[in-house]
Each structure stands twice: as structure tokens, then as C-alpha cells.
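Commentary on secondary and tertiary structure
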Amino acid sequence: MCGIVAAVAQRNVQKILLEGLRRLEYRGYDSAGMAVRNNQGELKRQRAVGKVQALADRLATDPLPGTSGIAHTRWATHGRPSEPNAHPHQSRERLAVVHNGIIENHEALRQELSEQGYVFESETDTEVIAHLLERESAAAGDLLTAFKKVVAGLDGAYALGVMAADAPDVVVGARKGSPLVVGVGSDEAFLASDPLALLQVTDRFIYLLEGDVVRLSAGGLIEIFDASGAVVDRPVQTFEHGDGSASKGNYRHYMLKEIHEQPAVIAAALEGRLGDRSVLVESFGPQAESLFKQVRQIHIVACGTSYHAGMVARYWLERYTDVPVQVEVASEYRYRRVVVPEGTLFVTLSQSGETADTMAALRFAMQQDNYLGSLGICNVPGSSLVREADLSLMTQAGPEIGVASTKAFTTQLTALMLFTLALGRVRGMPEDEQATLVEELRRLPSLCSEVLGLDRPIEAMSTAFAEKHHALFLGRGAHFPIAQEGALKLKEISYIHAEAYPAGELKHGPLALVDSEMPVISVAPNDELLDKLKSNLQEVKARGGVLYVFADENVGLSEADGITVLHLPHIHEALAPILYTLPLQLLSYHVAVLKGTDVDQPRNLAKSVTVE
Ligand code: G6P
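Named according to an unreviewed UniProt entry, the protein chain is Glutamine--fructose-6-phosphate aminotransferase [isomerizing] originating from Halomonas cupida. Quoted straight from UniProt, the Subcellular location (unreviewed entry) entry for the protein chain says "Cytoplasm". The record held by UniProt for the protein chain lists under Catalytic activity (unreviewed entry) the comment "D-fructose 6-phosphate + L-glutamine = D-glucosamine 6-phosphate + L-glutamate".

For the rest of this paragraph, the subject is the overall build of the protein chain. Counting its secondary structure elements, the protein chain contains 18 helices and 25 strands. For the protein chain, whose C-alpha radius of gyration is 25 Å, the value lies close to the compact-globule estimate of 25 Å for 612 residues. Per-residue burial for the protein chain yields a buried fraction of 62% across its 612 residues. Relative to all contacts within the protein chain whose residues are 6 or more apart in sequence, the contacts with residues 24 or more apart total 71%. Total accessible area on the protein chain stands at roughly 22,500 Å², and carbon and sulfur atoms take up 47% of it. Seen as two clouds, the 56 positive and the 77 negative side-chain charges of the protein chain have centres 2 Å apart.

It is worth spelling out the site of the ligand at this point. Close contacts around the ligand come from 13 residues, with Ser306, Ser350, Gln351, Ser352 and Thr355 the closest. In this structure, Val403 approaches the ligand through a main-chain N or O atom, which is 3.3 Å from an oxygen atom. In the complex, 89% of the free accessible area of the ligand, which totals 390 Å², lies under the protein chains. It is helix 9 (residues 304-321) that contributes the most residues to the shell around the ligand, three residues altogether. Classifying every residue of the shell around the ligand gives four nonpolar, eight polar and one charged.

Right, let's talk about the packing of helix 3 (residues 106-115) against helix 4 (residues 127-140) for a bit. Describing two packed helices takes the angle between their axes plus the distance from one axis to the other. Running from N to C, helix 3 and helix 4 point in directions that differ by 50°, and their axes come no closer than 10 Å. One element, helix 3, and the other, helix 4, form an angle in the oblique class. Between helix 3 and helix 4 lies a crossing of left-handed hand. Listed contacts from helix 4 to His106, Leu109, Arg110, Glu112 and Leu113 of helix 3 are Val128, His131, Leu132 and Arg135. Taken together, the residues that form the contact of helix 3 with helix 4 break down as four nonpolar, two polar and three charged.

This part covers the UniProt feature "domain: SIS" (unreviewed entry) in the protein chain. This chain's UniProt record puts "domain: SIS" (unreviewed entry) on residues 288-429 and 461-602. Helix and strand shares over residues 288-429 are 46% and 21% respectively, and the end C-alpha atoms of the span are 17 Å apart.

This brings us to the pattern of salt bridges. Applying the stated criterion to the full structure yields 32 salt bridges. Among the ionic pairs, Arg11 bridges to Glu188, the shortest N-O distance being 2.7 Å. Of this pair, Arg11 sits in the loop between strand 1 (3-8) and helix 1 (14-24) while Glu188 sits in the loop between strand 9 (181-184) and strand 10 (189-192), placing them 177 residues apart in sequence. A relative accessible area of 7% means that Glu188 is categorised as buried. In this structure, Arg319 and Glu433 form a salt bridge, with 3.4 Å as the shortest nitrogen-oxygen distance.

To continue, consider the sheet that holds strand 20 (residues 391-394). As a general point, the strands of a sheet are linked pairwise by backbone hydrogen bonds and lie either parallel or antiparallel. Spatially, 17-16-18-19-20 is the arrangement adopted by the five strands of the open sheet, whose pairing is parallel. Each edge of the open sheet is held by one strand with a lone partner, namely strand 17 (325-329) and strand 20. If you compare each strand with its neighbour and ignore which way they point, the axes differ by 20° on average. When strand 19 (residues 371-378) meets strand 20, the two strands line up parallel, connected through four bridges.

Our focus in this paragraph is the side chain of Ser178. Structurally, Ser178 is set in the loop between strand 8 (170-176) and strand 9. Leaving out residues up to four positions away in the same chain, Ser178 has contacts with Asn100, Gly101, Ala157, Tyr158, Ala159 and Thr610.

For the rest of this paragraph, the subject is the sheet that holds strand 11 (residues 204-207). In space, the eight strands of this open sheet follow the order 3-2-4-1-10-9-11-15, with antiparallel pairing throughout. Both outer strands of the open sheet, strand 3 (43-49) and strand 15 (237-238), are each paired with one neighbouring strand and no more. The strands touched by helix 1 are strand 1, strand 2 (31-37), strand 4 (68-74) and strand 10; relative to strand 1, the strand with the most contacts, the crossing angle is about 160°. Its contacts with the sheet put helix 2 (residues 52-61) on strand 2, strand 3 and strand 4, and the angle it makes with strand 3 is roughly 135°.

Pairing between strand 21 (residues 470-475) and strand 22 (residues 497-502): six bridges, direction parallel. Bridged to Ala471 within strand 22 is Ala498. Handedness of the strand 21-helix 16 (residues 479-494)-strand 22 crossover: right-handed.

A few words now on the packing of helix 16 against helix 18 (residues 576-595). Direction vectors running N to C along helix 16 and helix 18 enclose 20°, while the axes themselves pass 9 Å from each other. Our classification of the angle between helix 16 and helix 18 gives roughly parallel. The handedness of the crossing between helix 16 and helix 18 comes out as right-handed. For the pair formed by helix 16 and helix 18, the contact residues are His479, Ile482, Gly486, Lys489, Leu490, Ile493 and Ser494 on the first element and Ala576, Pro577, Tyr580, Thr581, Leu584, Ser588, Tyr589, Val591, Ala592 and Lys595 on the second. Grouping the amino acids of the contact of helix 16 with helix 18 by side-chain chemistry returns 10 nonpolar, five polar and two charged.

Another point: the packing of aromatic side chains. Taken as a whole and assessed by the stated rule, the structure comprises eight aromatic pairs. Measuring from centroid to centroid gives 6.0 Å for Phe284 and Phe419, while their planes differ by 50°, and the two rings are tilted. You can see Phe284 sitting in the loop between helix 7 (262-270) and helix 8 (288-293) and its partner Phe419 sitting in helix 13 (residues 407-426), a full 135 residues away along the chain. Its relative accessible area of 2% is what places Phe284 among the buried residues. Among the aromatic residues, ring-to-ring pairing joins Tyr333, Phe346, Phe364 and Tyr371 into one connected group. Over the ring of Tyr118 we find Arg92, and its NZ or CZ is 4.0 Å from the ring centre. If you follow Lys148 out to its NZ or CZ, it ends over the ring of Phe225, 3.7 Å from the centre.

Quick notes on the rules
Residues numbered from 1 in each chain as written. Predicted model: local features only at pLDDT ≥ 70, side-chain atom pairs only at ≥ 80, totals over all residues. Heavy atoms only, no water. UniProt positions renumbered as here; feature names shortened; annotations may be inferred. Helix = DSSP H or I, 4+ residues; strand = E, 2+ residues; numbered from the N terminus. Rg over C-alpha atoms; globule rule 2.2 N^0.38 Å. Buried < 20%, exposed > 50% of the residue type's maximum accessible area, 1.4 Å probe, protein only. Contact = heavy atoms within 4.5 Å. Areas by Shrake-Rupley, 256 points an atom, 1.4 Å probe, with all protein chains shown as cover. Lys, Arg positive; Asp, Glu negative; His and termini not counted. Charge placed at Lys NZ, Arg CZ, Asp CG, Glu CD. Near = heavy atom within 4 Å. Polar contact = N/O pair within 3.5 Å; in protein donor to acceptor, adjacent residues only side chain to side chain. Nonpolar A, V, L, I, M, F, W, Y, C, P; charged D, E, K, R; others polar. Axes fitted to C-alpha atoms, helices over the stretch in contact; angles between N-to-C directions. Parallel < 35°, antiparallel > 145°, perpendicular 65-115°, else oblique. Left-handed = near helix turned anticlockwise from the far one by under 90°. Salt bridge = Lys/Arg side-chain N within 4 Å of Asp/Glu carboxyl O. Pairing = 2+ DSSP bridges. Right-handed = clockwise from strand over helix to strand, strands pointing away. Phe/Tyr/Trp six-rings, centres within 6.5 Å; stacked < 30°, edge-to-face > 60°. Lys NZ or Arg CZ within 6 Å of the ring centre and 35° of its normal.

Next comes the structure, spelled out in C-alpha cells:
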């Protein structure tokens, strides 16, 4: 999604803003822009369509010197990607604004402002904010008062950064429904939609709350006002992940780096959470044990890859805890009447903790009767999800930059297995069974490393896909959602149409599609459904289908005409979904590289979808 960076500094801010935009580019990337107030008290702006580099090229010939500024990377929602639609938007060259989110009442406001003589240059919802500010500043006399008045009249979701020609060294911001953090410098202050943008200048952050308005001024002065307008003190938190994750290191793409980080981050997700023979329930928070004891039913709600993690968890939770589980995508859940049996725990999963539909689902759920409480499984400390859920478990994946989620997914699965075992423990899951899975979890990072060693053979396999237009992924049981995740990865980054089916459904339709032009990919761990899966694979082969199978070393599947097999080390069937995700990630990655697509920033997609 769009990204915001803003600064009030002791130095020229152009470089800081540009570097911030580069670090935010993974969120959204169809255009970028910057406005800076120069020494003569003028607002100067540059915008460019395309990647941040296009803006950098413009700034190289036509720089924007000044000590305060705002900048933005855009992912189009209202109006196509074009220079006039790129942020910052201005009014009468006196006010400039950058915005993430959607202003729902923009049409009425646009009409009102047009009637008052304001001329619109863009098709965006954001431009109304610039003109409203211009109108209100004349009456209010100062930027903050005008801004508060404008914000009170906006419906929808926003994170905003604004500045005015006649307010030297001041940037004002607000957050409602879209994330915004303040970076605390020494005698300098910054704003951004993600702390990653500012790790170049500070590791100290204030996470603004819903409804907060902030004013940054010269000398690093930071004033925060809550939704009621009262001055508030928000804690300054130190960012703990370090800055290394914002660089690709020796890898060609962030995605490849993040795939290879999985053994380490899965180990981090387990750290401090495993006892000798069971999971430490306290790692879910002090109230976890008493809450888990009351759980009679679970609703899991999430989007995208996180939803697939939830689908896998349903198999685990029902198998090991006897608790009935429903899993649903957040955009559906939030708009229907949901029947909530007494004793239901609401579980949300989100890498970013800011996905608009997921957050709306959490808030909707917390207004229903009967939910016991909520558990948020999340990768971003301080995010909205972590703050608003009753219990939270951090996945510890570290910042994920590639838009296609990889390490965030496998650490979510790891966290969900921990949750299964914690719930199982308080609900009397046999101790031996707990101990076996805890032991297997400990082996998981090294098994993942072993599987990543298959990179070369998977790269060789990928050549068979680059010219294809369709692919079918098959799995059974908890590997059906893994097949779905495999198909999602392939379509996201290589733009090959891919579908996933539970292998047993093949005969009810998709078998009609099978021919030599549509590769069929299957994961075949050594589980109780293996024989069933083998028959399904025969059905494909008998119809001239070309099969690629990732199989347990002991399953007795070998290469034959029309079947390519890659063997994975043996793993306990419960944890196989985590391990079998890795080859599917590598396959998609190599196909995308062969096709020459933009692996880390696939077209039309965004890392964190903070609009509905
Ligand atoms: C976007 C991303 C996906 C992600 C989904 C949910 O669509 O491109 O990779 O799975 O949002 O994001 P979340 O942060 O809630 O897990």
C-alpha cells in the first residue's frame, strides 16, 4: 500500500525522504513524490510515475533543498497512476498533503470545494484535503488548528502528513485506520507509515493511536493530541529488529533472502516458548491459561497468505485439541451475520498487523456477544493488531520486504502449532503426544535448511514452467491449504494462472483441464492420506498430465514417464505443511526469475493492504 515519510530536521531532508521512500517502496509503487519547504518559504514539489528511482532521477537534476518535507509512494486506489495523481497534493502552492487510506466522503467535499472556486488537478480522493486545509487555514490562522478541523470532517481511513508554506519547520500528521509512527531523533523528528522507513535516522519510535494528531516542529519538538483533542504522552519504544533486514545482502532478491532466512526465524519463533516436553502456555500472556481453559470453539479470520495459515491450523486444532474451528477470509466475515457459540475464541493472523479487512474483522468480533476474547498472531510489534487483541503472539520473522509472503507464513504456521500445543496442554492432550511434537519442532529449523539445499534441482525444474500459462496444485488434508499457498505464490510473482484443489476433488471437474500443457504440482508427505493421494496422481498421469511431486523420502514414489519427483527428508506428519511450503516458494521464485518479472514488487500488488 502507499507509504509516507516526513521530516523536520536540522539538515537537508531530501536525502532522508528519498531513502525512506526506497525503504517503503515494497508497500506500493506506481508513483512517488516529495514536497519540501525551502529557505524562501516556498513549497517545492517533484513527482514521478514509476519506481522511486524515477523520482530520484528528477531530484538529481532538480533538487529540493530544505529542512522540512513530506514524501509518498503511491499504490493507486482513486485515479490511475499518473503524475497529477501522485502525492503530495497541493492547494494554491501553499499547502501540501500526503495520504494513505481512502476518504469516503471525498465526492461531496470535492463538489463543495469546486463550487467555492478550488480547482482540482487530480482524480484522487486526497486532493480535497489540501483544499480543505487551504480554506480552513485562512480562518484558523495556524496549521494545527486548521488541520484538526479538516480531519474532523473526513470519513474513511487515513494516515496523513501535511505542511504549509507559512509554517516554517512544521509537519502535522494524523492517524485513523492507517498506521503512522513518529521517529524520535536528536533535535529532529520524523513521521512514517512504517518504522523501516526511518531506521536510517533513528531506532526510537512513538506508535500513534487511532484518532491521534501530531505536530512536529523545529528542534525535534513532538506534540501529540488524542481523539478528544487532549495533549497526551505516548511512550517512546526502541525498535529491536536492527536495520539489516532492510537490505538484500548477497541475495538477488528480498524474496530469496527471506526464503533462506526461514531456518533462523523459525528458530526465533520457537525461542523461549518450548519447555522440556510441552509448550509454555505463559508465552501467550499471563491470562492465556485461564482463557484457553474456557475455549469451546475457535474462529480464525485473516487475509491472503495469513488465511492459508489459518486453514492449516484448523486441521491441527481439531486433530489435537478437539475444539471445533471455523476459518474465514476477513473481507467476508466482517460483513455477514456471524453466529458465535458461547466460549468462542477469536483468532486473527496478520503479518503486518495493519490489514484493513483483518482489523475491521477484529473490531467487529469484539463487538459481538459470546466471544471469550481475541488472540492476534502477528509479525510487527506495536502494530494495530497487537495493540487491540487481548492476547498476542509475535511470529518473530523480522521485517519482510518481498510482497509475496514467505518467512512470515512459515513463522505463522510455527506460531499456530505452538498455539495448538498450548491449547492442547490446558485441555489434556496426552503428554507423550505433546512431547513428540515439541521434539519435532526443535528439529524443524535444521530440516528446513536441508530442504533449502534443494534449491538447484528446483531451479532446474522451474524451466518446465516458464512458458506455461496454467498450473494446478494438489494436496490433501492440511496440505490442501499448502497447495493453495503454492498456487498463490506462483500467480503473484510469475503471473501464471494457478489453481489449487484438494486432490480428492480432481475427478469432480479439474481433471477435464489436464493435458501436457498444464503442469500439475503435488506435495506428498508420508501421512495417512498418502495412498489416496497416489491414486489421485495416477488419475492425472493416465490422462497425459505432467506431474511434479515433492515427496517424503520414504513414500516409494519414483520418477517415471510424466512424473518428476523431488524427495524431502522425513518429518512428522503434523509439521510437514511447514516443510513442504519451502520447495513451493523456491519453485515460484525461480519461475518468476526465468520470466523476468519484478519478483519483490509484483505488478498491482502491495505488501500491506491498509485500505478496504
Ligand atoms: C497482502 C499481501 C499478502 C498478505 C495479505 C495479508 O495481500 O500481499 O502477502 O498475505 O496482504 O496481509 P497480512 O499483513 O494481514 O498478513
